[in-house]
Amino acid sequence: QVQLVESGGGLVQPGGSLRLSCRASGFTFSSYAMSWYRQAPGKERELVASISSAGGSTSYGDSMKGRVTISRDNAKNTVYLQMNSLKSEDTAVYYCRARTIRYNYWGQGTQVTVSS
């Protein structure tokens, strides 16, 4: 049974930091590229960051570039998103995604709220 379970979300003040985690099970994690997306109320889901299956290549969406770092630990079947200098407009549900050419899995999301 494929599972992607995000954690680490919560309420943070503007300028603060959060580290999201996404733990995978039920598939060969090290064979999948992993991504983080986010979706704010009333907006489309957008890409935040991606990392290749072995972790050697990363890419970032424009919205949070320079403020986030994606990483993964294939021994722990986990992908991370370190978010710094958070702004109110970063408030959203953050999702992780696992993909290959043939398969595509999503987690249930974790809420991040940036507010004073």
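In case you missed it, the structure is sitting above this.
Every chain is numbered on its own, with residues counted from 1 as its sequence reads. Residues qualify for local features only when their pLDDT is at least 70, as the model is predicted, and side-chain atom pairs are given and counted only at 80 or more; totals for whole chains, interfaces and linings, by contrast, use all residues. In computing side-chain values, all of the structure's heavy atoms are included and hydrogens and water are not.

**Considerations on the sheet that holds strand S7 (residues 68-73)**
At least two bridges found by DSSP between two strands are what make those strands a pair. Only DSSP runs of H or I covering at least 4 residues are called helices, and only runs of E covering at least 2 are called strands; the numbering of each starts at the N terminus. Strand order in the open sheet made by the four strands is S1-S3-S8-S7, with antiparallel pairing throughout. Pairing within the sheet leaves two strands with one partner each, and these edge strands are strand S1 (3-7) and S7. Strand-to-strand twist across the sheet, computed as the mean angle between neighbouring axes with direction ignored, equals 15°. As paired strands, S7 and strand S8 (residues 78-83) are joined by six bridges and run antiparallel to one another. Across the sheet, serine 71 pairs through a bridge with tyrosine 80, a residue of S8. Only the stretch in contact is used when fitting a helix axis, every axis being a line fitted to C-alpha atoms; angles between N-to-C directions are given from 0 to 180 degrees.

**Brief notes about unusual backbone geometry**
Phi angles above zero are rare outside glycine, and asparagine 77 is one such case at about 55°. Within the secondary structure, asparagine 77 sits in the loop between S7 and S8. One non-glycine residue, serine 85, lies in positive phi territory at about 50°. With respect to the secondary-structure elements, serine 85 resides in the loop between S8 and strand S9 (92-99). With a 1.4 Å probe rolled over the protein chains alone, any residue whose accessible area is under 20% of its type maximum counts as buried; one over 50% counts as exposed, and the rest are partly exposed. Exposure remark for serine 85: the relative accessible area of 41% places this residue in the partly exposed category.

**A few points about the state of the cysteines**
We call a pair of cysteine sulfur atoms a disulfide when they lie within 2.5 Å. Using the criterion set out here, one finds one disulfide in the structure. A sulfur-sulfur separation of 1.9 Å characterises the disulfide bridge that pairs cysteine 22 with cysteine 96. Disulfide cysteine 22-cysteine 96: torsion about the S-S bond near 40°, hence right-handed. Note that cysteine 22 is positioned in strand S3 (residues 18-25) and cysteine 96 in strand S9, a separation of 74 residues in sequence. We note that cysteine 22, like cysteine 96, is buried.

**Digging into the side chain of arginine 72**
Looking at where arginine 72 falls in the secondary structure, it is placed in strand S7. Asp and Glu are treated as the negative residues and Lys and Arg as the positive ones, with His and the ends of the chain left uncounted. For this analysis, a salt bridge means a side-chain nitrogen from Lys or Arg found within 4 Å of a carboxyl oxygen belonging to Asp or Glu. Aspartate 73 is the oppositely charged side chain nearest to the buried, salt-bridge-free arginine 72, at an N-O distance of 8.2 Å. Looking at arginine 72, its side chain comes within polar contact range of the main-chain oxygen of serine 53, at 3.3 Å. Throughout this description, a polar contact denotes any pair of N or O atoms lying within 3.5 Å of each other; where both atoms belong to protein, one of them has to be capable of donating a hydrogen while the other can accept it, and for residues adjacent in sequence the pair is counted only when both atoms sit in side chains.

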